[in-house]
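# Structural overview
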2 protein chains.
Amino acid sequence: MRVLITGVAGFLGSHLADRLLAEGHEVVGLDNFVSGKAENFAHLIGNDKFTFIRHDVSNYIHVPGKVDAVMHFASPASPNPKSPIGYPNLPIQTMKAGALGTHNTLGLALANNARFMLASTSEIYGDPQEHPQKESYWGHVDPISERSVYDEAKRFAEALTMAYHRFHGVNSVIVRIFNTYGPRMHTDDGRAVANFIQQALEGEELTIYGDGQQTRSFCYVDDLIDGIYKLLMSKEHYPVNIGNPEEITIEQFAIEIDALIGKSAGLTYLKEMRFSGDPQRRQPDISRAKEVLKWEPQISLKDGLTKTIDYFKADSK
Amino acid sequence: MRVLITGVAGFLGSHLADRLLAEGHEVVGLDNFVSGKAENFAHLIGNDKFTFIRHDVSNYIHVPGKVDAVMHFASPASPNPKSPIGYPNLPIQTMKAGALGTHNTLGLALANNARFMLASTSEIYGDPQEHPQKESYWGHVDPISERSVYDEAKRFAEALTMAYHRFHGVNSVIVRIFNTYGPRMHTDDGRAVANFIQQALEGEELTIYGDGQQTRSFCYVDDLIDGIYKLLMSKEHYPVNIGNPEEITIEQFAIEIDALIGKSAGLTYLKEMRFSGDPQRRQPDISRAKEVLKWEPQISLKDGLTKTIDYFKADSK
């Protein structure tokens, strides 16, 4: 297959390219480097089966030759309001990548009679009132909050994808991606995993906001990409959650990372900081992925964290 | 003021043009006639203060000269799956009008340093779990249902409007419009008011789906336009509900219409027909409109229905 990946310079886009190439496919990667990094796919330059096009998905997309699949993974994705590439600081680019980008990539899939995959997100569930979240849950999103730029863009993108499927018969599918960690994640994304590893490597205190009993479910990137690849190859058209259902408290995360690195100054508890719409808890129900894809995460937290810590060490050099 | 109205050939857009012209403003009207009708503004042709541009808001908008306000009212708006102009049958145009149209009109407002108003809708509340709906309610919308094309497009449009307000300082405001009736409404929109009037005028039975105890809140168009005009002239930036909070059962509606026309074959009750996401009940909380705009509906149901029935009679000739 010849597969177009938008956002190929991103954390997930670049791993996806690696996996597709490893499976013998050809990859055309697009990125405009708003939040992606060229280093993430530098190792692919020179590979005959990989082509890179620098392009903003919000503008009309022309790809020479036939494509068999289109995977729309381009979007700022960090909720960190302190990061310059956090979507609170790129609100309009984020909404354009979600709406115009999805419109353009769906058009390309339609013209090529290609399989289409939308990278959606657990953020479409917002601050959920059901745990864990099944794909049938409608979500709980404030349409006008600062955070909503990402959530509403992705909800719009899902609705548009389903409209193209129903109306134009596009062979589409939607993956709802939950929190993921691993090499090439943004080391400064402001979220727990990155913060703890950074602090531990620098011998600082690991800062926990609140009592640390809030939970997260983190999936190691290789597991996630495996689920995405299986979903691409499936005949599924409806949304499928891909993520790790294992819940772990933020405090436990800090303890694990501390133990693996072994040189921090311990844990410290600060006053809780939340910004509007930040969910207290989010956890995938992966029954559909298990049933439809025979997929579930395989990699232990310890193994995943070890590989991630190695990446952070190399990245800081 | 020189005011751009998109969707000027629509039910609300055309009434808005009338009101603005009556107040001494200049109006530039846009429409592509996907769901609007030229008859709705035919009486304005020849008016020096009115200009019409045939244009699809999903494409880049150029308006010669300065505009002081931009009112984005263009969208298919009927939920009727049996109508060719119902948004279930125009899913992609509906999503484009909401996303690309809002992007284009916000860009125009930004370039002109103009007041911007987004015509949003009670549909953003979806199938609400709170009654009546306050502006602070986040809504309950299925992102992937057939009906979601309209709901999610409007939620996206709200989020984008707020992003332009926060990020670019656009002087924007959002009106959430509830069910409205009156002259120039679609006579075949498949909803209760239109159906009952059509049936009563033709001496048929008035068909009620279910037991008729489901309620609706209908606002007469002149009341609605008055609220919208006051909101345009206000300094408000956050969403404001405009609608009639008076709840009335579908059965009571049928009885009122029957009494005013007086030649039907009575009421008949059929098996309830709902399509996915069709709300059982929706009613605006208009506390904010009362407080901020000193607005509330003035026109009685009887007066409103009488004018509407006259329109249906004229329209059928």
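This text gives an overview of the structure that appears in the document. (Residues numbered from 1 in each chain as written. Chains lettered and ligands numbered in written order. Predicted model: local features only at pLDDT ≥ 70, side-chain atom pairs only at ≥ 80, totals over all residues.)

For chain A, the count of helices and strands is eight helices and 13 strands. Over its C-alpha atoms chain A spans a radius of gyration of 19 Å, differing by no more than 12% from the 20 Å that the globule rule assigns to 317 residues. Judged by the C-alpha coordinates and their principal axes, chain A covers about 55 × 45 × 40 Å. The buried share of chain A, taken over its 317 residues, is 52%. (Helix = DSSP H or I, 4+ residues; strand = E, 2+ residues; numbered from the N terminus. Rg over C-alpha atoms; globule rule 2.2 N^0.38 Å. Buried ≥ 20, exposed ≤ 12 C-beta atoms within 10 Å, placed from the backbone.)

Further remarks concern the relation of the copies chain A and chain B. Superposition record for chain A on chain B: RMSD 0.0 Å, screw rotation 180°, translation along axis 0.0 Å. Here the transformation between the copies is reduced to the relation of a two-fold axis. Comparing interface residues between copies, 100% of those in chain A also lie at the interface in chain B; the contact surface is shared. (Least-squares fit on C-alpha atoms with pLDDT ≥ 70 in both. Contact = placed C-beta atoms within 7 Å.)

The subject of this paragraph is the interface of chain A and chain B. Facing 28 residues of chain A, the contacting portion of chain B comprises 28 residues. In terms of residue count, the dominant contributor to the side of chain A that touches chain B is helix α3 (residues 148-168) of chain A (13 residues). Among the residues making up the side of chain A that touches chain B, the classes are represented as 19 nonpolar, three polar and six charged. (Nonpolar A, V, L, I, M, F, W, Y, C, P; charged D, E, K, R; others polar.)

Membership of the largest hydrophobic core comes to 167 residues, with the highest contact counts inside it found for A:Val175 and B:Val175. Taken together, domain 1 (2-181 + 220-245 + 282-298) and domain 2 (192-214 + 247-281 + 304-311) of chain B each give at least three residues to this core, which thus spans both. Here B:Val175 is in contact with B:Met117, B:Ala119, B:Ser120, B:Ile228, B:Leu231, B:Val240 and B:Ile242, once residues within four sequence places are set aside. (Core = buried A, V, L, I, M, F, W, Y, C linked by C-beta atoms within 7 Å. Domains from an automatic or database assignment.)

Here the focus is the environment of B:Gly24. Mapped onto the fold, B:Gly24 is located in the loop between α1 (11-22) and β2 (26-31). With 38 residues separating them in the primary sequence, B:Gly24 and B:His62 have C-alpha atoms 24 Å apart.

Once that is clear, we can look at the sheet that holds strand β1 (residues 2-6) of chain B. Residues and elements named next belong to chain B. As summarised here, the arrangement of the seven strands in space is β3-β2-β1-β4-β5-β6-β11, forming an open sheet in which the pairing is parallel. Bordering the open sheet on either side are β3 (50-54) and β11 (240-242), each of which pairs with just one other strand. Looking at each pair of strands side by side, their axes are set apart by 20° on average, direction ignored. Sheet topology places β1 next to strand β4 (residues 69-72); four bridges connect them, and they run parallel. Looking at β4, one finds that Val 3 is bridged to Ala 69. (Pairing = 2+ DSSP bridges. Axes fitted to C-alpha atoms, helices over the stretch in contact; angles between N-to-C directions.)

With that settled, the discussion passes to helix α2 (residues 91-112) of chain B. All names here are of chain B. Compared with an ideal rise of 1.5 Å per residue, which puts 22 residues at 32 Å, α2 spans 31 Å between its outermost C-alpha atoms and is within 8% of the ideal. Its axis deflected by about 30° at Gly 101, α2 carries its strongest bend there. For α2, the buried fraction is high: 17 of the 22 residues fall into the buried class. Immediately beyond the C-terminal end of α2, within one or two residues, lies Asn 113, with a positive phi of roughly 50°. (Expected span 1.5 Å × (residues − 1). Bend = angle between axes of the 7 residues up to and from the residue.)

On to the sheet that holds strand β4 (residues 69-72) of chain A. Residue and element names in this part refer to chain A. Strand order in this open sheet of seven strands is β3-β2-β1-β4-β5-β6-β11, and the pairing throughout is parallel. Of all the strands in the sheet, the pair left with one neighbour each is β3 (50-54) and β11 (240-242). With direction set aside, neighbouring strand axes in the sheet form an average angle of 20°. Together, β5 (115-121) and β6 (171-177) form the strand contacts of α3, whose direction differs from that of β5 by roughly 155°.

Right, let's talk about the packing of helix α6 (residues 250-261) of chain A against helix α8 (residues 301-315) of chain A for a bit. All names here are of chain A. Axis separation between α6 and α8 bottoms out at 10 Å; the angle between their running directions is 60°. When the axes of α6 and α8 are compared, the pair comes out oblique. Here α6 and α8 pass one another in a crossing that is right-handed. For the pair α6 and α8, contact is made by Glu 256, Ile 257, Leu 260 and Ile 261 and by Leu 301, Leu 305, Thr 306 and Ile 309, respectively. Counted by class, the contact of α6 with α8 contains six nonpolar, one polar and one charged residues. (Parallel < 35°, antiparallel > 145°, perpendicular 65-115°, else oblique. Left-handed = near helix turned anticlockwise from the far one by under 90°.)

This part takes up helix α4 (residues 192-201) of chain A. Residues and elements named next belong to chain A. Among the ten residues of α4, seven are classified as buried, and the element is accordingly described as predominantly covered. Buried residues in α4 make contact with β7 (180-181), β8 (206-209), β9 (215-216), α6 and α8. At the exit of α4 stands Gly 203, carrying a positive phi of roughly 70°.

Glancing now at the packing of α4(A) against α6(A). Residue and element names in this part refer to chain A. At a closest axis distance of 10 Å, the pairing of α4 and α6 adopts a crossing angle of 35°. Seen along the crossing, α4 lies across α6 with a hand that is right-handed. The residues of α6 that touch α4, namely those facing Ala 192, Val 193, Phe 196, Ile 197, Ala 200 and Leu 201, are Ile 250, Phe 253, Ala 254, Ile 257, Asp 258 and Ile 261. When grouped by side-chain class, the residues that make up the contact of α4 with α6 number eleven nonpolar, no polar and one charged.

This part takes up the environment of B:Thr121. Residues and elements named next belong to chain B. With respect to the helices, strands and loops of the structure, Thr 121 is situated in strand β5 (residues 115-121). With 23 C-beta atoms counted inside 10 Å, the residue Thr 121 sits in the buried group. With 53 residues separating them in the primary sequence, Thr 121 and Ile 174 have C-alpha atoms 9.3 Å apart. Residue contacts for Thr 121: discarding those within four places in its chain leaves Lys 154, Arg 176 and Ile 177.

Let us now look at the pairing of β5(B). Across a regular strand the side chains alternate sides, sitting on one face of the sheet and then on the other. Residue and element names in this part refer to chain B. Most of β5 sits out of view: seven of its seven residues are buried. Of the two faces of β5, both are covered, the one formed by Arg 115, Met 117, Ala 119 and Thr 121 as well as the one formed by Phe 116, Leu 118 and Ser 120. Pairing between β4 and β5: four bridges, direction parallel. Bridge pairing links Ala 69 to Arg 115 in β5.

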